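Report on the structure
Now for the letters of each chain:
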Amino acid sequence: MGEIVSLEELAAEVAPGCKLAVPADYCGVAMSATAAIIANRPNNLHVVCVPVTGIQGDMLIGEGLVGTLETSAVTLGEAGGAPRFQDAVRKGAFKLMDATCPAVHSGLIAAQKGVPFLPIRGIIGSDLLKTRTDWKTIQNPFSDDEDPIIVVPAIQPDVAIFHAPEADRFGNVRIGRRRELLTMAQAAKATIVTVERISEESLLKTEDSAAGVLPALYVTKIAVAPRGAWPLPLWGEYGVDTAEIARYAAMARTPEGFAAYMDGFARRLREAA
Amino acid sequence: MGEIVSLEELAAEVAPGCKLAVPADYCGVAMSATAAIIANRPNNLHVVCVPVTGIQGDMLIGEGLVGTLETSAVTLGEAGGAPRFQDAVRKGAFKLMDATCPAVHSGLIAAQKGVPFLPIRGIIGSDLLKTRTDWKTIQNPFSDDEDPIIVVPAIQPDVAIFHAPEADRFGNVRIGRRRELLTMAQAAKATIVTVERISEESLLKTEDSAAGVLPALYVTKIAVAPRGAWPLPLWGEYGVDTAEIARYAAMARTPEGFAAYMDGFARRLREAA
Amino acid sequence: MPGYSNRELIIATIADLLDGIRHVAVGASSPMPAAGAMLLRARNEMAKRERVRISILGSEEHNFFTNGGVELFDCTAQGRVDAFFLGGGQIDGEANINLVGTGDYPQTEVRWPGCFGSAFMYYLVPRVILFREEHSPRVFVPKVDYISAPGVSDGIVRPGGPHAMLTGMALFDFDKQKKRFSLRSVHHGYTAADVRAATGFDYDEPAVVPETKAPSAENLSILRGRVTEELSESYPAFADMLRGERKEAA
Amino acid sequence: MPGYSNRELIIATIADLLDGIRHVAVGASSPMPAAGAMLLRARNEMAKRERVRISILGSEEHNFFTNGGVELFDCTAQGRVDAFFLGGGQIDGEANINLVGTGDYPQTEVRWPGCFGSAFMYYLVPRVILFREEHSPRVFVPKVDYISAPGVSDGIVRPGGPHAMLTGMALFDFDKQKKRFSLRSVHHGYTAADVRAATGFDYDEPAVVPETKAPSAENLSILRGRVTEELSESYPAFADMLRGERKEAA
């Protein structure tokens with residue numbers, strides 16, 4: 001548990017067909033690892049976005065590695081829509097499981113708690129239900145009146161992946177107040193994490209530092225990847241590289257432009273590090 | 001929100017008949033505030049123990065203030081059984097809602113999430129179900145086979161109360177990794193907190209400190225109570241006063257001994273502070 | 001020249017629509033709602049009225065949540081979020097909103113990001129303000145192609161829903177019983193006929209449509225001073241734009 | 001004198017019962033299970049076998065949980081807790097356990113603390129070891145007065161349950177199909193007849209009942225050295241008691 005390995009060994013955990021959970025842009029996205037995963041070309045991935053994605057999801061889609069996309073949104077933020085996503089949707093290139101943010105959280109929490117489902121308010125009357133036939137409507141067993149409520153099934157990813165500021169050499173990872181990372185990791189069968197650096201001292205050492213820690217028990221593999229979220233931001237460490245995201249947004253409008261962008265992406269990642 | 005008041009004003013939030021959530025001994029128990037509450041004599045309290053209680057619950061029971069007790073256990077730990085609890089159970093002095101720890105957590109999480117119930121594994125076949133008729137068995141809506149599962153209703157306390165090392169002057173409270181305190185507070189309509197000290201600097205100031213904070217949004221009132229958990233421990237601050245708990249355990253064996261103990265309790269609290 | 005820009009009018013109107021709330025959540029890329037909330041917060045402070053909390057989602061600085069992305073939704077379900085803003089690529093006359101795309105789902109011709117939390121927040125926040133600056137028949141359609149979240153619901157627990165709709169041209173009320181918008185006022189520079197022509201769905205309209213209440217001098221002063229300063233922390237580009245428009249309006 | 005105390009035998013037996021696990025949770029006031037787990041951890045480390053994690057509940061030092069009291073239960077439901085210990089004021093021949101009290105519920109004559117997490121852990125931890133040092137007809141009853149958690153369940157999801165039962169006198173296996181204990185071995189100093197006389201329920205028994213495997217010299221050495229040191233951090237009084245008994249046994 002919490003073994004420290006190379007980026008390549010870490011990326012190898014993402015096998016073809018696996019259900020891969022990825023966090024939102026503000027939570028620490030493992031972009032260096034994404035390049036390493038793309039190099040392995042694991043196809044037919046079922047990507048679960050917790051609860052949304054951006055450039056990471058768009059890249060995996062553009063590379064043709066996504067078989068199913070489960071997400072509440074895909075967007076490049078200020079840089080606009082996600083071009084490879086939009087194109088793939090139009091072409092019906094993958095199975096699309098549109099969601100709504102709290103339902104993704106509830107599905108992961110169900111897996112975290114080892115229960116088959118969680119109830120959630122709202123949603124009824126949304127067209128989401130027309131295609132999310134895996135969501136069911138039941139009668140609230142605690143109401144004598146008619147009270148339909150949605151239940152969403154547990155989401156158990158095969159692999160959860162994210163980028164964090166640091167891990168300690170015991171395999172504990174600092175997640176601060178990004179608690180969805182803990183939920184993702186506990187819900188998943190395996191969790192792989194890239195970090196800016198490894199601390200020699202245990203992150204569990206003080207009550208204060210322990211409060212923001214994902215314990216090693218839930219961490220499968222860790223790799224060091226300096227500036228590993230670039231061009232996305234890492235909380236408390238560095239901001240978004242707006243120009244780079246805009247450059248991606250412009251180039252990825254066409255398959256050719258996307259290919260050209262990706263061609264140099266891994267190289268630029270190393271340069272940025 | 002997060003208003004800093006006197007201990008007396010804080011204790012006045014606990015009105016007769018209210019549903020009061022209290023944490024386990026290792027989580028920070030507001031003992032000074034308990035003495036102040038007892039002075040007000042709010043009767044017919046529905047005490048929800050998250051998920052168990054010790055001397056605090058036993059005192060409220062001994063004072064005859066408990067109308068309903070919802071708990072997974074009552075114990076004085078190494079000092080043995082809780083005498084006023086045991087005596088009151090024998091006499092049927094209150095409504096007893098025996099529970100099991102994870103069901104209490106699930107009930108609070110349901111309230112935290114604004115859903116009427118949460119499912120939970122286990123429990124079926126336990127005699128708990130004979131009296132916990134508020135827990136229901138339903139068919140897992142995601143299973144084609146027969147798969148009964150327990151659903152527990154949301155627990156929404158009127159007031160949650162605990163003791164913590166510090167709050168800041170903005171009303172944020174440090175809870176470290178005692179995450180059940182956050183769940184309790186979010187589930188409750190009002191949350192009152194005693195603290196060792198008030199910090200002038202915001203606890204949300206850094207990512208590291210923010211990770212272990214209950215935001216002021218969920219905090220109704222705060223009072224300063226130095227050594228406010230005594231004779232129980234406060235994590236990261238001071239240990240349990242074993243001798244004092246043993247003294248209580250011995251004296252509280254009889255109603256008279258209990259009365260004698262309580263007679264000086266508030267005074268000794270002030271001395272210990 | 002009315003002495004204020006259209007954006008300033010919208011911001012002041014948002015502050016009025018939020019009046020009375022204690023906690024509003026706004027998106028990280030929603031400067032206008034944030035500005036309106038900041039204006040309300042500032043003027044309540046000066047009038048010693050109730051304190052207004054503003055959660056800017058995704059922000060590191062203006063975020064007092066500590067329980068991850070789920071906290072907004074839990075907090076909302078607890079009844080602790082009084083107001084929220086929703087938009088939509090399409091909005092129809094029954095206040096249904098579409099954040100997904102146009103054409104036949106799933107292979108929509110134009111695809112927008114997705115529902116985000118709308119299929120939850122729209123049901124549970126008491127005061128949802130529909131806000132879309134662009135006022136055109138492309139946005140305000142007779143019937144949305146995809147219902148991300150419906151304007152009204154029957155037979156379910158739904159404490160929340162549409163409170164008003166604000167556009168670059170006008171302000172509407174929404175009647176949940178009639179499932180219809182009604183035009184409350186048009187912004188300076190527009191007529192009721194302009195609004196009718198730019199709206200693809202039918203709605204009620206009073207015999208005489210008033211002009212949207214102009215921001216008071218005091219409100220403009222707070223907005224141009226303290227609020228613009230506050231905005232420039234989280235939305236520097238937007239704050240600069242406001243400053244620029246102010247010069248034009250002056 | 002066998003060269004080891006009864007407690008040392010129990011601790012070594014617990015280590016054997018835990019063999020193969022990777023994560024065990026023990027209560028804050030359960031020094032014997034903790035000692036057994038520490039013994040396994042130490043000897044696995046020396047043999048370069050799988051690492052053993054020990055969660056001591058309620059401990060500040062030996063607690064690597066960071067998500068509050070619910071984490072033990074979530075972690076268990078995720079299948080990440082391999083072993084757990086349960087006791088009971090009463091245990092019956094179908095492995096039902098009673099942590100609530102004797103007599104008619106709710107006004108039980110003798111009241112114990114309560115069910116704690118037993119009505120969950122007993123169902124979900126694959127290897128639950130029933131452990132009760134006192135071996136008497138008062139504890140081992142024909143039928144418990146209150147079922148905090150049943151020994152076996154039909155028709156429900158139940159990946160966990162009783163793996164073995166260890167007392168101050170003997171070690172039992174449990175057959176989930178037959179819903180019956182069977183005596184595996186008796187500790188040094190006791191006979192099968194002693195056990196029968198002290199047990200209020202019926203159970204299976206082989207023709208010849210072996211003696212519980214004595215701790216090896218190596219195990220005793222680790223236990224008396226490193227493990228006693230480790231124990232004295234969380235259970236100082238217990239560590240002292242072990243040291244005292246060792247002198248007597250020697």
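Residues numbered from 1 in each chain as written. Chains lettered and ligands numbered in written order. Predicted model: local features only at pLDDT ≥ 70, side-chain atom pairs only at ≥ 80, totals over all residues. Heavy atoms only, no water.

All right, on to the overall build of chain C then. Along chain C, the regular secondary structure elements total seven helices and twelve strands. The C-alpha radius of gyration computed for chain C amounts to 18 Å, which stays within 12% of the reference 18 Å derived for 250 residues, consistent with globular compactness. Taken over the C-alpha atoms alone, chain C extends approximately 50 × 45 × 35 Å along its principal axes. Taking contacts inside chain C between residues at least 6 apart in sequence as the whole, the part at least 24 apart equals 69%. Of the charged side chains in chain C, 27 are positive and 32 negative; the average position of the first set lies 4 Å away from that of the second. (Helix = DSSP H or I, 4+ residues; strand = E, 2+ residues; numbered from the N terminus. Rg over C-alpha atoms; globule rule 2.2 N^0.38 Å. Contact = heavy atoms within 4.5 Å. Lys, Arg positive; Asp, Glu negative; His and termini not counted. Charge placed at Lys NZ, Arg CZ, Asp CG, Glu CD.)

Before going further, it helps to examine the interface of chain A and chain C. The interface of chain A with chain C comprises 38 residues on the first partner and 37 residues on the second. With both chains or domains summed, chain A and chain C bury close to 2,900 Å², and 58% of this area falls on carbon and sulfur atoms. Among the residues chain A hides against chain C, the three largest losses belong to Arg121, Asp127 and Arg177 of chain A. Together they make up 19% of the total. Of all the elements in the fold, those that place two or more residues in the side of chain A that touches chain C are α4 (83-91), β5 (95-98), α5 (101-112), α6 (128-131) and α7 (179-187) of chain A. (Buried area = accessible area lost by both parts, 1.4 Å probe.)

Our next topic: helix α9 (residues 242-251) of chain B. All names here are of chain B. Looking only at α9, the buried set comprises Glu244, Ile245, Tyr248 and Ala249. Viewed end-on, α9 has its buried residues packed into an arc of 140°, placing them on one side of the element. In this structure, the buried residues of α9 make contact with α3 (55-62), α4 (83-91) and α10 (255-272). (Buried < 20%, exposed > 50% of the residue type's maximum accessible area, 1.4 Å probe, protein only. Arc of directions from axis to C-beta.)

Let us look at the side chain of threonine 191 of chain B. Residue and element names in this part refer to chain B. Mapped onto the elements of the fold, threonine 191 is located in strand β11 (residues 190-199). Here the side chain of threonine 191 touches alanine 185 through a polar contact of 3.5 Å, landing on its backbone oxygen. Ignoring sequence-local partners within four residues, the contact set of threonine 191 consists of Ala160, Phe162, Ala185, Tyr218, Val219, Thr220 and Lys221. (Polar contact = N/O pair within 3.5 Å; in protein donor to acceptor, adjacent residues only side chain to side chain.)

Residue and element names in this part refer to chain C. Spatial strand order, β5-β4-β9: three strands in an open sheet with mixed pairing. The outermost strands of the open sheet, each flanked by one partner alone, are β5 (97-98) and β9 (140-141). In terms of strand pairing, strand β4 (residues 90-92) meets β9 through two bridges, oriented parallel. Along β9, the bridge assignment pairs aspartate 92 with valine 141. (Pairing = 2+ DSSP bridges.)

It is worth spelling out the pairing of strand β9 (residues 159-168) of chain B at this point. Residue and element names in this part refer to chain B. With ten of ten residues buried, β9 lies mostly within the body of the structure. Looking at chain direction, strand β2 (residues 19-23) and β9 are connected through two bridges and run parallel. Bridging across to β9, alanine 21 finds its partner in alanine 160. Inspection of the sheet shows β9 paired to β11 by nine bridges, in the parallel sense. Opposite glutamate 166, over in β11, you have arginine 197 as the bridge partner.

In this complex, chain A contributes 18 residues to the contact, which on the side of chain D involves 14 residues. Carbon and sulfur atoms supply 45% of the area that chain A and chain D bury against each other, a total of about 1,500 Å² over both sides. Broken down residue by residue, the surface that chain A buries against chain D is led by Lys113, Leu217 and Tyr218 of chain A, which jointly contribute 35%. Counting across the interface, chain A meets chain D through one salt bridge. Between aspartate 74 of chain D and lysine 113 of chain A there is a salt bridge; the shortest N-O distance is 3.0 Å. One can count ten residue pairs in polar contact (both at pLDDT 80 or more) joining chain A with chain D. (Salt bridge = Lys/Arg side-chain N within 4 Å of Asp/Glu carboxyl O.)

For the structure shown, the criterion picks out 89 salt bridges over all chains. Of the charged contacts in the structure, one is a salt bridge between lysine 189 of chain B and aspartate 158 of chain B, with a shortest N-O distance of 3.1 Å. One end of the pair, lysine 189 of chain B, is in the loop between α7 (179-187) and β11; the other, aspartate 158 of chain B, is in the loop between β8 (148-153) and β9, and 31 residues separate them in sequence. Using a relative accessible area of 52% as the deciding quantity, one classes lysine 189 of chain B as exposed. For aspartate 158 of chain B, a relative accessible area of 26% corresponds to the partly exposed category. Between arginine 180 of chain C and aspartate 202 of chain C there is a salt bridge, with its nearest N and O atoms 3.2 Å apart. One end of the pair, arginine 180 of chain C, is in strand β12 (residues 180-186); the other, aspartate 202 of chain C, is in the loop between α5 (192-198) and α6 (217-234), and 22 residues separate them in sequence. Judged by its relative accessible area of 48%, aspartate 202 of chain C is partly exposed. Taken together, the shared-partner salt bridges in this structure form one network comprising Lys178, Arg180, Arg196, Asp202, Asp204 and Glu205 of chain C.

A residue-level look at chain C finds 98% of positions with pLDDT of 70 or above and a mean pLDDT of 95. Confidence estimates for the predicted assembly give a pTM of 0.97 and an ipTM of 0.97. (pLDDT = per-residue confidence, 0-100.)

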